[in-house]
Amino acid sequence: MPDGMQEDTVENNQRFALRWKVMLALSTVLIALGICVDWSPSQDTSLPDTSSFLVILGVLLGLAGLLTATRR
């Protein structure tokens, strides 16, 4: 494998590693916000609860991060 292709592969692996780490960090922050912060109830009853929304969003982002990590 030429050196240029090997450098591209290394650079892509570093990008993937950075992406899944950022996704997992953001998901941890979202889940922590959903669990720890006491959100006031929304004025519109048709909207979902803020804490459950943040937890669900954090879990989905965490799963995307894990899938990105295993894709490498």
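Note: the structure precedes this text.
Computed from a predicted structure; not experimentally measured. (Residues numbered from 1 in each chain as written. Predicted model: local features only at pLDDT ≥ 70, side-chain atom pairs only at ≥ 80, totals over all residues. Heavy atoms only, no water.)

Asker: Where do I start with a nonpolar patch on the surface in this structure?
Answerer: On the surface, Ile56, Val59, Leu60, Leu63 and Leu66 cluster together to form a nonpolar patch covering roughly 460 Å² of accessible area. Position of leucine 66 among the secondary structure elements: in helix α2 (residues 50–71). Relative accessible area serves as the criterion here: at 46%, leucine 66 is assigned to the partly exposed category. (Patch = residues over 30% accessible without salt bridge, like charges linked within 9 Å, V, L, I, M, F, W, Y side chains within 5 Å. Areas by Shrake-Rupley, 256 points an atom, 1.4 Å probe, with all protein chains shown as cover. Salt bridge = Lys/Arg side-chain N within 4 Å of Asp/Glu carboxyl O. Helix = DSSP H or I, 4+ residues; strand = E, 2+ residues; numbered from the N terminus. Buried < 20%, exposed > 50% of the residue type's maximum accessible area, 1.4 Å probe, protein only.)

Asker: I keep staring at α2 and nothing clicks. Help me out?
Answerer: Three or four residues apart is the spacing at which side chains of an α-helix point the same way, because the helix has 3.6 residues per turn. Taking 1.5 Å as the rise per residue, α2 with 22 residues should run 32 Å; its terminal C-alpha atoms sit 31 Å apart, in good agreement. Within α2 the residues assigned to the buried category are Ser51, Leu54, Gly58, Gly62, Gly65 and Thr68. All buried residues of α2 fall inside an arc of 120 degrees around its axis, so they share one side. Exposed residues pointing more than 90 degrees away from the buried face of α2 are listed as Ile56, Leu60, Leu67, Thr70 and Arg71. (Expected span 1.5 Å × (residues − 1). Arc of directions from axis to C-beta.)

Asker: Sorry, what's going on with the side chain of serine 51 here?
Answerer: With respect to the helices and strands, serine 51 occurs in helix α2. The buried category is assigned to serine 51, whose relative accessible area is 18%. Here aspartate 49 takes part through its side chain, which lies 2.9 Å from a polar atom of the side chain of serine 51. (Polar contact = N/O pair within 3.5 Å; in protein donor to acceptor, adjacent residues only side chain to side chain.)

Asker: Sorry, what's going on with the packing of aromatic side chains here?
Answerer: Counted according to the given criterion, the structure contains 0 aromatic pairs. One residue, arginine 19, lies across the ring of phenylalanine 16, its end atom 5.5 Å from the ring centre. (Phe/Tyr/Trp six-rings, centres within 6.5 Å; stacked < 30°, edge-to-face > 60°. Lys NZ or Arg CZ within 6 Å of the ring centre and 35° of its normal.)

Asker: Could you clarify how one ought to interpret the side chain of serine 27 in this entry?
Answerer: Its place among the elements puts serine 27 in helix α1 (residues 3–36). Overall, serine 27 belongs to the buried group, its relative accessible area being 5%. Polar side-chain contacts of serine 27 include one of 2.8 Å to the backbone oxygen of leucine 24. Discounting residues that sit within four places of it in the chain, serine 27 has contacts with Gly58, Leu61 and Gly62. (Contact = heavy atoms within 4.5 Å.)

Asker: Can you walk me through the pattern of salt bridges in this structure?
Answerer: Two side chains with opposite charge may pair up if their charged atoms get near one another. Considering all chains together, one arrives at 1 salt bridge under this definition. Glutamate 11 is the salt-bridge partner of arginine 15, the closest N and O atoms lying 2.6 Å from each other. Within this pair, arginine 15 and its partner glutamate 11 are both found in helix α1, separated by 4 residues, close to a single helical turn.

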